[in-house]
Every structure is written in C-alpha cells, then in structure tokens.
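# Notes for the structure review
Each chain, letter by letter, is given below.
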Amino acid sequence: MNEFLLTVFSAAFLATVIRTSTPLLLATLGGLISDLSGALNVALDGIMLIGCLTAVIVSHYAPWYVGVLAGIGAGAAVGLVMAFFHLRMKADIIIVGFAIGALATGGTVFALSLATGGDKGTSINLPSGAVPAVDLSFLGAIPGIGPALVAIFSGHSLLSWVAAFLVFAIWYFLYRTPWGLWLRAVGEYPAAPEAAGIPVNAVRFWSLIVSGALAGLGGAQLAMFNFIGFTANMTAGRGFIALGAVLLGARHPVGVMFAALLFGAFDGLTNVLPGHYPWIPPELIRMIPFAVTILALLLFSYRAQRALALRGVKA
Amino acid sequence: MAFIEARGIGRVYPGGVVANDGVDLSVEKGEVHAVVGENGAGKSTLMKILFGIERPDAGTLSLDGRQVHFDGPRDAIDAGIGMVFQHFSLVPSFSVYENVALGSEPRKGIRFDREAAIARVRGLSEQFRLNVDPMPPVRTLPVGQQQRVEILKALYRNARVLILDEPTAVLAPQEVAELFVAIRSLIEQGCTVIFIAHKLPEVLEISDTITVMRQGRTVGTVKAKDVTEHELATMMVGREVALRVDRAPRAAGAEVCTVSNLRLVNARGADVCRDLSLGVRAGEILGLVGVEGNGQAEVMEAIAGLRHVADGRIVVADQDIVPLSVLRRRGIGIASIPEDRIAEGLATGASVAENIVATRLKDRRYVRNGLLDLKAIKANAVRLIEQFSIRVNGPAVPVGTLSGGNMQKVVVARELSEQPKLLLVSQPTRGVDLGATQFIWKTIAAARDAGAAVLLSSADLGELLALSDRLLVFYRGRIVAAFHNREGLSPETLGTYMLGLSEQSPEELRAGL
Amino acid sequence: MTTDATPTAPAALPAATAAGNMKPPTRLSIAGRELGRAAIAVIIAMIATLLIVFFVSKSPVDALMTLLTAPFSRVRTFGLWVDDVAKLTMTGLAFSLVFQARQFALGVQGQLYVGALAATYVALSPIGQTWAGLPLGVLAAMIAGGIYGFLPGIAKARLGANEIVSTLMLNYIAIELCNFLVRVSLVPPGSGLLTTDKFPKTSLYPVLVANTRIDLGLIFAILCVLGTWFALYRTSWGLKLRLVGHNARFAEYAGIKANAIMVSAMTVAGALGGLLGSMFVQGQAFGQLTVLFEGGFAFEGILIAIVARNRPLAVPVVAMFYAYLRQGAQLMNIRTDVPAEVISVVAALIILLVASQFGLPAWLKRNVLGTRRGATR
C-alpha cells in the first residue's frame, strides 16, 4: 500500500497524469467553447478520432508539426461541416453530432484500410511522427530545488504546454475580450446579441470550428505522443468523458482544467495499478475512468439539485 | 420631406401571409410618432423593416432625405436607429454595462475596456435622467429598470431615432408616467421617438402624430390633438367597437376556493408571498391586480399545482388541495388558461385531438384500462372545433400548423369544454386582437355566469375593470388593497396601491375581502 | 398574423382571406413532405457511395454490383439479411421510444451487453438444459436491460444527470463487465478463448427457415414493432409519453408526471435492448457469448430511428433497406477491394440529410409529390 501511495505521489506519476490529461483537456476545452456558445458537441470523440488518423497519416509523409497542424485542420473542417448542417440546414446539433460520430468510427477504419492497403486495425506499417517532449533538464543547475523542478516540469509533450497556455488564453478570451462576451451572450440568450447587431450565427459557426480544432489537436496529441500511431477506436470514449468534464468543471476554463486533470489522474491509475496490484482484474481497472465520470456527474447534478432545493424550488 | 419616409412598403412572408401592403409612414424630426393598430395589423413588421430585421419586398425607405437600405440591424444602428422590443433582449447574468456595451464594446487593444464602458453608461444614465446603476446583473432588476437599460443600449449607440415596441404593456400607470418623462427628455435633447401601442389613452397622451394601420395597410395619419379615442378605435378596426361585457350584478354563491396563510418562495429562495389569504366565490370574477412580479402569477401557479407551496392551505370544494397532483386538482374541477398559451398550454407537435384530451387521461370516457378510446377522443375534438369555430383541417392535424389565434382557441376550448368549478386565467388577451378579445371576454363571463369561480390576473387594468366583480391589489407578495368593482373605481386609484404608494387599513381591506 | 374568424369578430375575416392562399396543411401533405425528404437523402447518399466506390476501387462496377445485388443472390445471404433486419429493428425501436420522449439516451449498447450476460447465465446454468432455458433466458435479458435503462432514467429524474453522458459511460462499463465476467466466470477453465461454450439446444431460438439464421428473433422483432406501435398510439401511457416528448412543460401543466413517464420510457427501451442481447447470444447466429460480440451494432439504431422519424411501423421498413446496404457492403468487402466501412459514410450522410430542413426542389414537388396540392405550399 505504502509503495503504491509513494508511486501515486511521485513526480513520475505526475508526469503520467499530465500525459493522460493533455488530450482530454484539449477535447474538454473544445467542448467548453461549443457548450458556452449554446451547442452540445457530442461529436468530440469522433473529431478526436479523425484528428488522430489525420495526424498519423500526414506525419508519415511530413514533419511532426505538419501532422499536428493537419490534425487541427481536420478537426476544424469537421467543425465546419457540423456548423453547416446545424446552422444552415437547421439540423439538431445532437443528431449532427451522432452522425459525425458514426462517420468517424467507420470512416477512420475505411481510410486507414485504404492508406495501409487493407489493415483495418492499426497503422503499424505506416510509421508516423511524434510530438517532441520539452527538455528542461537545464533547470537542474538551480541549486536545491533544481532536480525537483526537472522531475516536475521536464519531459512533457510540447502540446501539454500548449494546452496549459490554451487554458489561460481561452479564459482571457472569454472574460477579457469583447468576442468572449459575444460568445457567452450567444450561448446564454441569443436574442440579446442578435438585437445588438452581433452576427450570432457567425459566432456559433466559429465556436464549432474552434471546438473541432481543439478536439483535433487533442487527437494529434493522443496519436503522436500518448501513443505513436493509430489504432481503430483509439479514443476509447475520451471525447465523451470530456463532455462530463465540461459539466464537472462548471463551464469555466480553469474548472474544466481541474476536471480534466482529475479524469487524467484516474486514467493514469489504470497504468500504474496493474504493476502494484496484479490481482485486480484489468477490465475493472479499465472501467475506472467511466465509473468516475458517472460518479462525478451524479455528484455534480446532486449538488446543483440540492442548491436549487435549498432555495425551495420544486424539482 | 420628412425625417423618416417609408413609401409603399410591402412584405409577404413565405407561405403567403401579407404583412405589409403599400405602407406609408412619415415621421418628423423631434416628434413622438405613434403607430397603432390591432395585432396582426402589420405594425411589428413595419418596425422590423425600419430596424433592418426584415427586408421589404417593395417600397423605399429614406432617412434625413437620403434613401437607405438596411441589410441587418447593424446597418440601422449605424444609421442612428435604436429599438426597444416588447420582450427585452438582455442577457440575464450580464451586468447592466455589459448588456449596454454588448456589440459595441470600447476596446483597449484586444481587451474589452470595462472602465470606459462603465463611465459611458453612468454618463448617459445621468444625462437622460434614467437613473440606472451600471453594475448589478440585469436579472436582479425590476421590469421598469430593465426597460431603461434597453433605452440606454440604444442611446449608447448614438440613436437619434428610438423605436419603442409596446413599451407600456408591462408597466404600472405610475411607471408609465416615469417612462413618459424619459421620452420627453429624449425629445428635448433632439431625439425622435416612434411609439407602438394599442392602449389609446396613452397614445393620445404622449404622441404628437399618430399613424393607424389595419390589415397590413396604413389607414391614415392624424395629429393627436385633432382626434378622439373613439375615432381612433374606429379607424383601427374599421367599424364601431364597443369593448364592453355586460356584467349583470348577481349574488355570488358559496366560497369555492379559500387560500389561507400561503407562503411561496422563488428560485433564489426569497419569499414571493407570505401569509397571504384570499377567497373566491362561485359566480364571481376576482381580479388580481399588480405590476408583474408581485406574486399574482405565482399564486395562480400554486393553485394550479405548478408551484411548490412552502406553507399554508388552499382549500377547493372543501378539501385541502396542496398535497394533490395536478391531475387530481383538475379532477375536482380546476381549469387553467396559462399566460403563455402556446409554450405552456399546447404540445405543438401533437394533433388537435391529442391536445384536447391531454388533461383528461384519467377520464373513463376517453381512457379505459389504459387504452385510448380514439373514437370518443376524435368525436370530442370535432365537437369542440365546431363549437369554438377553430379553423383546422380536421382533428388529426398537428396544432403547430394552426395560426396563432386558432392555437389559443384550442386551449380555451379544452379548458372550458366542461364547466369548471374554479377557473384560473392569466393574461387572457395579451397579444390578441380586438375581435378575439371580445370573444375571450364573453367566454370568461359566460363561465362565471354558469357558476364558476374565476381568478383573473392581467397586466391590463382596463381588462380587469371590465371583467372583475372584485379586485385585489398585490404589492411585493401582499394584498394591499381590496375593492368591489363599482362605478368610480379608476385605474389611477389602483395604480397608487400597485406601486405601494398607499395601503388600505385592515378594516378597509376586510370590507373588500 | 392571426386569422380568427369567430362569429363575434367579422372584422377579422378579411385578414383571413388575405392569408387564404395558405391552406392549413393536411396530414397527408405533411407525410408526403417527410417521405420526399427521406427519399432525397437516400438518393444523395447513394450518389456519394457511387463516387466513393469509383474513387477507391480498381473494379468499381463489380463492387457496385456486389453492393446492390449480393444480399439476395443466395438463400444463405438472404437469411443473413433477414437476421440483420430483425436485429436492426429492435435497436431502432429502442431508440425510437426514448427519442419520442425526447431523451437522448444512448444506452442500447450497454443494455445489449447486460441482456446478453443475463441470458448467458441462464443458458449455461442447469435451467438452460431444460425447456425453461429459452423463455427464462429471454426474460432475464429483458429484466437486466430494463434495469440498465432505468438507472440513467432515475438519475436524470432525481438529479437531472445528463442522460447522454451517463448512458455512454454505462455502455463502456457494460462492455468491460462482459469482458470480465466472460474471462473469469463463463469460459471453461483452461480455455484460452474469450468465448463461452455453445448453449444447449433448449436455450437456443428455434430455426424458422432451415439452413439460414432466420429464427425466433424475427417473430420477437415483429411482435415488438406491433407492441411498441400499440403502446405509443393506442394507450394513454403512449400518449403521455409523446406529449412529454413534444413539450414537457405542457405535460406537467396537463397533470402528466413527466419524470415518471420519462423513466418508464427509458426502462422499456432498456428491456427492448436487453431482448436484443438475448437475440444475439441465444439466436442461431451465435448460440454463445463472445466478448465484444456487438461491435457498435446498437448505434445503427440511431440512424434507423431518425430516418423512421421514430415511428415504430416505419422502423422495420428502414431496417430492411439499411440491412440490405449493410449486407451488400459486407459482401463487397469480401468479394472486392472496397472496405465495408464505406457504409458508415453513407449512414452519416443519410442521418445528416434526413435531419436537415431543406426545401424540396421545385421540380420534384411539381412532378412527384405535389400534382394538385403543389400549388398550396
């Protein structure tokens, strides 16, 4: 037990958590943007998957950063398609999300099979690039705390730093710029920005595109750092967990960051638990992130409900 | 040429509804110009065209001598036109200054310059004596203040022309007076105001010029000082109207509904009303008077079973109904015509017959052993369609495909198809034209004459005075005055109580109760 | 614009004539419009398939011919089609039911797994060797699925927990639960496979047509279509459910307990999902439980429900069409160089187009649907 706790509170585990959290956090930020603009994006998982495959295939032929950009671009393009069907064709956003999900699950396998010449499982014969880790070992020169700093800050994916920066950037955008005000107004009460002459549909359009781009970036991190290469259905529900994280994070960038870290920590546990407790069945360990999401959802809903009930509102 | 000139404006909606057909409007600079007409006369469409929300199919628009084309509200705003809608366009969680600046924020680099916005809003509020604090979230403000936030929004965008869409509909008489003060101060400072309304006394009081619309056309433009209320009404409907219901004085029967020591709370946990008691007898209409948000609506909801009762008793037909479900209450004979009839009173995707039977799913005539008797349901719907002359292609058609007026009739038909013991009516004629108003008034009066106890709440004092046998005035969740509706009871008297300026003594109250 | 024409309001009459060229639509014209839209969606999706096949295949004509004709080419493939229709119908019905109550519950997959697990425990127990194995297996599957549908329902009713997230998470949990139980308790010791023994004959669905997969499941599917239709359109529960789906606020006002109806709809849909689980493992196709046997099949029901506009009687019709495409794609995958997953692209396109509110092209309205009514819309 002690050994296990030591592992959990070690710098190495922190590194694991940051690694597992990064794709989730990027997708969650994407979910946050669309949610605040008034559209529940249930396609996050599918967009991540498309981002994964695009990044892998492109990075086979081009440098890693082109692969990452392609992942972002693919996500943005899917967001654009969703926006088109939701806003121009007036289709229900949840149904559009389902359709994109269906397209992603089968379509990525279809495209993978074409790209690899028949392999429908993995991209193993299509060697792809990786996102570099940021080496901060020079911090070790600082006397005293140097080694600790290195252990905590060095060796993370470049995209983890990007994700951390994006939390700040999105917070600044939402609460400090006029466009953030527009976006929140569109999500809360569209008639008001409409009357103020704000192009409401354009705001929604861009929100879905950015939401897609962020999920695509999450996919790129997943397939070019967490794993190297594409496996059918490799997102394993991360995009749906991200939806839960948006709710749990109270729809605020900093809140969703902590929610993503929490889910990432449980995801990280699934990596270290088998080493310490081999008798725990792996299936049950794999259930943990999903069970935690449900518990978090119930807890969050219960508290929201109780807050209302305390104020005497009939359920 | 006038300041604003609209010539030959035409607008046909997809589906063939002619909303505007050769409409002319000319507004002089610095005047208050009222546009009056029944609902559906095309006033709103014309204003939406002036504000760039709708594009006309025909006709020209000119402002200050130059012809203009608006492709959206933005163009209209840039041209110096501002509009205050009947339904406010405010984001509830945003502060006043955020709402005012939304869409035209002062910037410092890419940042929203909050300090500049606050200063500007404070300055405008003082200049036009609107008395609005820029800081609190708008959802905490009373309706009258929210309306002034809307006016601030227009002024913030340098509006020289202000369009007010039915601004007085939600205000108490004294608040109307305040609004008129603000309008006069706007005119003094060089603004032009277009005022849409259908309450004629107010129109005559505030406006210089009046344009009357009927059925998508302009009937004429007159000077306010040259015309009487009666003449205007005749122009509006194209015939003589007498909006009156014969209220035969009759002895009210036994008390049907007794509310005692009722306490209700709102979503934020604050008391909506406390220790409230009232009673309504068979064969009388009890009018609940008050500015919106003073508890009348909530009391009605509590009786209907749609709002949690924190404390107190509601006795109908000799039993406490507080623990009863909505269905059981309906079984006792409580019927209710909700304020938002389409959003709350109908399932627009379901058929007319299904909407009509929806409140009777325990009735053995229509449901036995959990199975629907489709024949009986259809026959009942056909009968009511006939009786209430609902224009529809049969009972199986989805309600949502009917016109607004016919949808309302489906609700009225369902609630009054069987004589209720207690009828709850909220805002029965809001958004309804004069012809339909008369029909609805007669229907309510008929229910009363047949022995129903009726609770009526309305923002229209004229309506309350025309229909009620007794009136209770609500202020901040308390009953502050009670009257028997006799000759000489004026809207102004009610207004002083509605705004909490005075309060009856307990003895006076008891006499009215 | 109001078009009241009450006896007391003659003044409103001219307004009514002004709008008189817009006749109130009839039921028939509404149904016609929906049908036309679905037809266009299918045509566009088929054209897209054509383009994709031409783009990726070396022998596109062969591939297309296989896609379009193979399912009916042999008795065996015909049987595969019927089996697929029956199963697609079940998942389509389960989704239609929750969608009609306007709940975006996506739990059919999880219900399918717990249903299959329950049926397997019955079939592999001593009871499974008796005549009771078949009915008890079916019953156990429906109860398990019902419970699995009830849980997210009650969580939403009591706590307001978002049903999309909760049902998806429950799906993943059910899959892992199935993996776990198969490995530790259902597979015979020593076997390295993740598949149970074949069920005893007494627990299997009887075959209806020899040498095909057509079995009792087809009868179940037909009964469920009729049952769901009857429940939705002939009982007060169904009317309440549909009213809640149309407008929950109105339902409360009318005295319908919206939450109770919602939970019951999710529970019944769960039982249908559980029954589908039994159809998989007790049916002729499998006759045993294998991990990950479902492979995302349950979600095909979303397409079926959306295209069928959640109408139970339309569900099997859509299922027939879609099963044909699926089987064609499988055979195309085996016999030519086009991967079967092309079908997911088609499916996504169909969903998107059916959910879209586009106007029908004028020529189509004139020539195909409109004729005499064409002028009224």
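Here the structure is a predicted model, which means the values were calculated and not measured. (Residues numbered from 1 in each chain as written. Chains lettered and ligands numbered in written order. Predicted model: local features only at pLDDT ≥ 70, side-chain atom pairs only at ≥ 80, totals over all residues.)

## Brief notes about the overall build of chain A
Of regular secondary structure, chain A possesses 13 helices and two strands. The C-alpha radius of gyration computed for chain A amounts to 20 Å, which stays within 12% of the reference 20 Å derived for 315 residues, consistent with globular compactness. Seen through its C-alpha atoms, chain A measures out along the principal axes to roughly 60 × 55 × 45 Å. Classification of the 315 residues of chain A by burial places 52% in the buried group. Within chain A, contacts between residues at least 6 apart in sequence are counted, and of these 74% link residues at least 24 apart. (Helix = DSSP H or I, 4+ residues; strand = E, 2+ residues; numbered from the N terminus. Rg over C-alpha atoms; globule rule 2.2 N^0.38 Å. Buried ≥ 20, exposed ≤ 12 C-beta atoms within 10 Å, placed from the backbone. Contact = placed C-beta atoms within 7 Å.)

## Brief notes about the overall build of chain B
The helix and strand inventory of chain B stands at 18 helices and 24 strands. In terms of C-alpha radius of gyration, chain B reaches 24 Å, essentially the compact-globule figure of 24 Å for 513 residues. With the C-alpha coordinates aligned to their principal axes, the bounding extent of chain B is approximately 70 × 55 × 50 Å. Long-range pairs, those at least 24 residues apart, make up 69% of the contacts in chain B with a sequence separation of at least 6.

## Brief notes about the interface of chain C and chain A
For interface size, the figure often reported is the accessible area lost on association. At the junction of the two partners, chain C supplies 36 residues and chain A supplies 42 residues. Breaking the side of chain C that touches chain A down by element, the ones donating at least two residues are α6 (133–159), α7 (163–186), α12 (300–307) and α14 (342–355) of chain C. It is α7 of chain C that contributes the most residues to the side of chain C that touches chain A, eleven residues altogether.

## Notes on the sheet that holds strand β2 (residues 18–27) of chain B
Residues and elements named next belong to chain B. Pairing is antiparallel in the open sheet, where four strands are placed in the order β2-β1-β4-β5. With one partner strand each, in any of the chains shown, β2 and β5 (66–67) form the two edges of the open sheet. One ladder, built from two bridges, connects strand β4 (residues 58–63) with β5; its direction is antiparallel. Along β5, the bridge assignment pairs S62 with Q67. Relative to the sheet, helix α1 (residues 43–50) contacts β1 (4–12) and β2, its axis offset from that of β2 by approximately 65°. (Pairing = 2+ DSSP bridges. Axes fitted to C-alpha atoms, helices over the stretch in contact; angles between N-to-C directions.)

## Comments concerning the sheet that holds strand β23 (residues 470–475) of chain B
Residues and elements named next belong to chain B. Spatially, β18-β21-β22-β15-β23-β24 is the arrangement adopted by the six strands of the open sheet, whose pairing is mixed. If you trace the sheet from one side to the other, it starts and ends with β18 (334–337) and β24 (478–484), each paired once. For this sheet, the mean inter-axis angle between neighbouring strands, taken without regard to orientation, is 20°. Sheet analysis places strand β15 (residues 285–289) next to strand β22 (residues 453–457), joined by four bridges and oriented parallel. Its bridge partner lying in β22, L288 is registered against S457. Set on the sheet, helix α9 (residues 296–304) makes contact with β15, β18, β21 (422–426), β22 and β23; between it and β21 the angle comes to about 145°. Here helix α17 (residues 491–498) sits on the sheet in contact with β15, β23 and β24, set at roughly 35° to β23.

## Considering the nonpolar core
Ranked by size, the top nonpolar core spans 380 residues in total, and within it L162, V454 and V473 of chain B together with I350 and I351 of chain C carry the most contacts. For this core, the leading source of residues is helix α10 (residues 200–226) of chain A, giving 16 residues. Mapped onto the domain boundaries, this core takes at least three residues apiece from domain 1 (4–237) and domain 2 (255–342 + 418–512) of chain B. Those residues within four positions of V473 of chain B in sequence are excluded, and the remaining contacts are V289, G290, I479, V480, A481, L494, Y497 and M498 of chain B. (Core = buried A, V, L, I, M, F, W, Y, C linked by C-beta atoms within 7 Å. Domains from an automatic or database assignment.)

## Observations concerning unusual backbone geometry
Residue and element names in this part refer to chain B. Its identity is not glycine, yet N158 carries a phi of approximately 60°, on the positive side. Here N158 is to be found in the loop between α5 (143–156) and β9 (161–165). You can call N158 exposed: it has 11 C-beta atoms within 10 Å. In this structure, Q215 is a non-glycine residue whose phi angle is positive, near 50°. Mapped onto the elements of the fold, Q215 is located in the loop between β11 (209–214) and β12 (217–223).

## Notes on the environment of I93 of chain A
If you trace the backbone, I93 of chain A turns up in helix α5 (residues 93–116). When sequence neighbours within four positions are dropped, the list of residues in contact with I93 of chain A reads A39, L40 and H86 of chain A.

## Digging into the confidence of the model for chain A
Looking at chain A, pLDDT values average 91 and 97% of them are 70 or higher. Every residue in residues 311–315 of chain A is under pLDDT 50, and counting partners more than four places away or in other chains gives 14 contacts. (pLDDT = per-residue confidence, 0-100.)

## So, the environment of G495 of chain B
Residues and elements named next belong to chain B. Of note, G495 is situated in helix α17. You can call G495 buried: it has 20 C-beta atoms within 10 Å. Those residues in contact with G495 that sit more than four places away from it in its chain are A172, P173 and Q174.

## Here we look at the pairing of β12 of chain B
All names here are of chain B. Pairing analysis gives six bridges linking β11 to β12, with the strands arranged antiparallel. Bridge pairing links M213 to T218 in β12. Taking the residues that link successive antiparallel strands as the turn, the β11-β12 hairpin has two residues, and the phi of Q215 there is positive, at about 50°.

## Structural notes on the packing of helix α13 (residues 315–335) of chain C against α14 of chain C
For any two helices packed against each other, one specifies the crossing angle of their axes together with the interaxial distance. Residues and elements named next belong to chain C. Where α13 contacts α14, the axes come no closer than 9 Å and their chain directions differ by 155°. It follows that α13 is roughly antiparallel to α14 by the angle criterion. Side by side, α13 and α14 meet where L325, R326 and A329 of the first sit next to V342, I343 and V346 of the second. Across the contact of α13 with α14, the residue classes tally to five nonpolar, no polar and one charged. (Parallel < 35°, antiparallel > 145°, perpendicular 65-115°, else oblique. Nonpolar A, V, L, I, M, F, W, Y, C, P; charged D, E, K, R; others polar.)

## A look at the packing of helix α5 (residues 108–124) of chain C against α6 of chain C
All names here are of chain C. α6 packs onto α5 with a crossing angle of 150° between their chain directions and a minimal axis gap of 7 Å. Classified by chirality, the crossing of α6 by α5 is right-handed. Along its contact with α5, which presents G110, Q111, V114, G115, A116, L117, A118, A119, V122 and A123, the element α6 presents G133, L136, G137, V138, A140, A141, M142, I143, A144, G145, Y148 and G149. Partitioning the contact of α5 with α6 into residue classes produces 15 nonpolar, seven polar and no charged. (Left-handed = near helix turned anticlockwise from the far one by under 90°.)

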